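Listed here are the chains, written in short residue letters.
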Amino acid sequence: MKHVIALDVGGTGIKAALIAEGGHHPAVAGGGTLLHEARRATGRERGPDAVVETIQDFAAELLATGRERFGRAASAAGVAVPGIVDADNGIAVYAANLGWRDVPLRALLTGRLGGIPVALGHDVRTGGLAEGRIGAGRDADRFLFVPLGTGIAGAIGIAGRIEAGAHGYAGEIGHIVVRPGGPDCGCGQRGCLETLASAAAVSRAWAAASGDPGADAADCAKAVESGDARAREVWLAAVGALADGLVTAITLLDPRTLIIGGGLAEAGETLFTPLRKAVEERVTFQRLPHIVPAALGDTAGCLGAGLLAWDLLATEVPA
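**Let's talk about the overall build of the chain**
Here comes step 1: From N to C terminus, the chain includes 9 helices and 13 strands.
Here comes step 2: Relative to a compact globule of 319 residues, whose C-alpha radius of gyration would be 20 Å, the chain shows 20 Å and is just as compact.
Here comes step 3: Expressed as lengths along the three principal axes of its C-alpha atoms, the size of the chain is roughly 60 × 40 × 35 Å.
Here comes step 4: By residue count, 51% of the 319 residues in the chain fall in the buried class.
Here comes step 5: Considering only contacts in the chain between residues 6 or more positions apart, those separated by 24 or more positions represent 61%.
Here comes step 6: When the accessible surface of the chain is split by element, carbon and sulfur atoms take 52% of a total near 14300 Å².

Below, the structure written as structure tokens:
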């Protein structure tokens, strides 16, 4: 059975799958059939070289699994990695949480996997590709995928592909300044969206407001639902900042669908009801996009890596 290897490398874990063409697996509707899934610890405490070795070993095991269980080796592989990625040249340029610099990951994996084609992608853009093609943005010709996690990232979807920008930095909506002179951001600016509306920012604000240093964004959402006025103030401040950032993005990109994911989106309508209202209040001439929760959860990166691999095969010139 013809299939591809998909790997999603995170700071703590690596998710992997073998994905066949066609089929109607609910998690991969339109994206193939999930034949096999596996996970492994990234082990970043062992240093960047060990992480790169782990990725190669894991990929080689998946190649062998395909050969043994499905009668043939994978036809291609797709790998999603965090940080700065030069997808065209297959280089993992930099990742703060993994400590690597200028790793020629595509060449290393192609060598380890017997010469099959390998696609390298940025984790958020790759997750966005999956959300756009087979998840919450299915059939949307223009979308913006915004995961609200430790930080806030973004992926710009145009006609089934993700726009990376001239230098690989497109979609960094978390670093739009929404509160000039606001909190310091790790990027060197002040008042960036991610300092105010990420899951980490809401956790910090609620820990301070509630006096409980262990409280997080999920606790804040629960307190909002139970009618806590302080929680509502913290929550709506974050929603307001998020709406300001999203309206800037809507003005520039005019997306048909805004897909919101990450930890904060797990609050469901506690987030989406006030967010839709806040965005609607702020637009003037702009057309309102559909604002929807992400559908694929933490599988998006892995499924997107599979799509990158299939795309490689689709564009290969037959020998």
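**So, the sheet that holds strand S4 (residues 76-81)**
Here comes step 1: The strand order across the open sheet formed by 5 strands is S3-S2-S1-S4-S8, and the pairing between neighbours is mixed. Each end of this open sheet is capped by a strand with a single partner; those strands are strand S3 (33-41) and strand S8 (118-122). Within the sheet, the average angular offset between the axes of one strand and its neighbour, ignoring direction, is 15°.
Here comes step 2: Summarising the sheet, strand S1 (residues 3-9) and strand S2 (residues 13-20) pair through 7 bridges and their orientation is antiparallel. Across the sheet, Val 9 pairs through a bridge with Ile 14, a residue of S2.
Here comes step 3: Helix H1 (residues 48-70) contacts S1, S2 and S3 of the sheet and is inclined by roughly 150° relative to S3.

**Observations concerning the sheet that holds strand S7 (residues 100-103)**
Here comes step 1: The strand order across the open sheet formed by 3 strands is S5-S6-S7, and the pairing between neighbours is antiparallel. Single-partner strands in this sheet number two, and they are strand S5 (84-86) and S7. On average, adjacent strands in this sheet sit at an angle of 15° to one another, irrespective of strand direction.
Here comes step 2: Relative to strand S6 (residues 91-95), S5 runs antiparallel, the two being bridged by 3 bridges. Bridge assignment links Asp 86 to a residue of S6, and that residue is Ile 91.

**A word on the nonpolar core**
Here comes step 1: Of all hydrophobic cores here, the largest spans 43 residues; its most connected members are Trp 235, Leu 246, Ile 260, Leu 275 and Val 279.
Here comes step 2: Contributions of two or more residues to this core are made by strand S9 (142-147), helix H5 (199-210), helix H6 (217-225), helix H7 (229-253), strand S12 (257-261) and helix H8 (269-282).
Here comes step 3: Setting aside chain neighbours within four positions, we find Ile 260 in contact with Val 146, Leu 148, Leu 246, Ala 265, Leu 271, Phe 272, Leu 275, Ile 291, Val 292, Pro 293 and Ala 294.
Here comes step 4: Grouped together as the second largest cluster of nonpolar side chains are 32 residues, Val 9, Val 81, Val 103 and Leu 105 included.

**As for the packing of H5 against H6**
Here comes step 1: At a minimum axis separation of 7 Å, H5 and H6 run at an interaxial angle of 65°. It follows that H5 is roughly perpendicular to H6 by the angle criterion. Note that H5 runs across H6; the crossing there is left-handed. On H6, the residues that touch Ala 199, Val 202, Ser 203 and Trp 206 of H5 are Ala 217, Asp 219, Cys 220 and Ala 223.

**Topic: H6**
Here comes step 1: The complete set of buried residues in H6 reads Ala 217, Cys 220, Ala 221, Ala 223 and Val 224. In an axial view of H6, the angular spread of the buried residues amounts to 160°, which keeps them on one side of the axis. Facing away from the buried side of H6 by more than 90 degrees, the exposed set consists of Lys 222 and Glu 225.
Here comes step 2: Looking at the buried positions of H6, the neighbouring elements they touch are H5, H7 and H8.
Here comes step 3: The backbone nitrogen of Ala 218 has a side-chain oxygen 3.2 Å away, supplied by the residue at the start of H6, namely Asp 216.
Here comes step 4: Once H6 ends, the next one or two residues include Gly 227, with phi positive near 90°.

**Some remarks on the pattern of salt bridges**
Two side chains of opposite charge can pair, provided their charged atoms sit close to one another.
Here comes step 1: Under the criterion given, the structure shown has 14 salt bridges.
Here comes step 2: Linking Asp 8 and Lys 15 is a salt bridge whose minimum nitrogen-to-oxygen distance equals 3.8 Å. In this structure, Asp 8 and Lys 15 share a single accessibility class: buried.
Here comes step 3: The salt bridge involving Asp 141 is made with Arg 256; its shortest N-O contact spans 2.6 Å. In this pair, Asp 141 sits in the loop between helix H3 (123-134) and S9 while Arg 256 sits in the loop between H7 and S12, placing the two residues 115 residues apart along the sequence.
Here comes step 4: Judged by relative accessible area, Asp 141 falls into the partly exposed class, the value being 31%.
Here comes step 5: By sharing partners, the salt bridges in this structure join Glu 53, Asp 57 and Arg 112 into a single network.

**Re the packing of aromatic side chains**
Here comes step 1: Within this structure, the stated rule accounts for 0 aromatic pairs.
Here comes step 2: Over the ring of Phe 58 we find Arg 40, and its NZ or CZ is 4.2 Å from the ring centre.

Rules used in this analysis
- Residues numbered from 1 in each chain as written.
- Predicted model: local features only at pLDDT ≥ 70, side-chain atom pairs only at ≥ 80, totals over all residues.
- Heavy atoms only, no water.
- Helix = DSSP H or I, 4+ residues; strand = E, 2+ residues; numbered from the N terminus.
- Rg over C-alpha atoms; globule rule 2.2 N^0.38 Å.
- Buried < 20%, exposed > 50% of the residue type's maximum accessible area, 1.4 Å probe, protein only.
- Contact = heavy atoms within 4.5 Å.
- Areas by Shrake-Rupley, 256 points an atom, 1.4 Å probe, with all protein chains shown as cover.
- Pairing = 2+ DSSP bridges.
- Axes fitted to C-alpha atoms, helices over the stretch in contact; angles between N-to-C directions.
- Core = buried A, V, L, I, M, F, W, Y, C linked by side-chain atoms within 4.5 Å.
- Parallel < 35°, antiparallel > 145°, perpendicular 65-115°, else oblique.
- Left-handed = near helix turned anticlockwise from the far one by under 90°.
- Arc of directions from axis to C-beta.
- Polar contact = N/O pair within 3.5 Å; in protein donor to acceptor, adjacent residues only side chain to side chain.
- Salt bridge = Lys/Arg side-chain N within 4 Å of Asp/Glu carboxyl O.
- Phe/Tyr/Trp six-rings, centres within 6.5 Å; stacked < 30°, edge-to-face > 60°.
- Lys NZ or Arg CZ within 6 Å of the ring centre and 35° of its normal.

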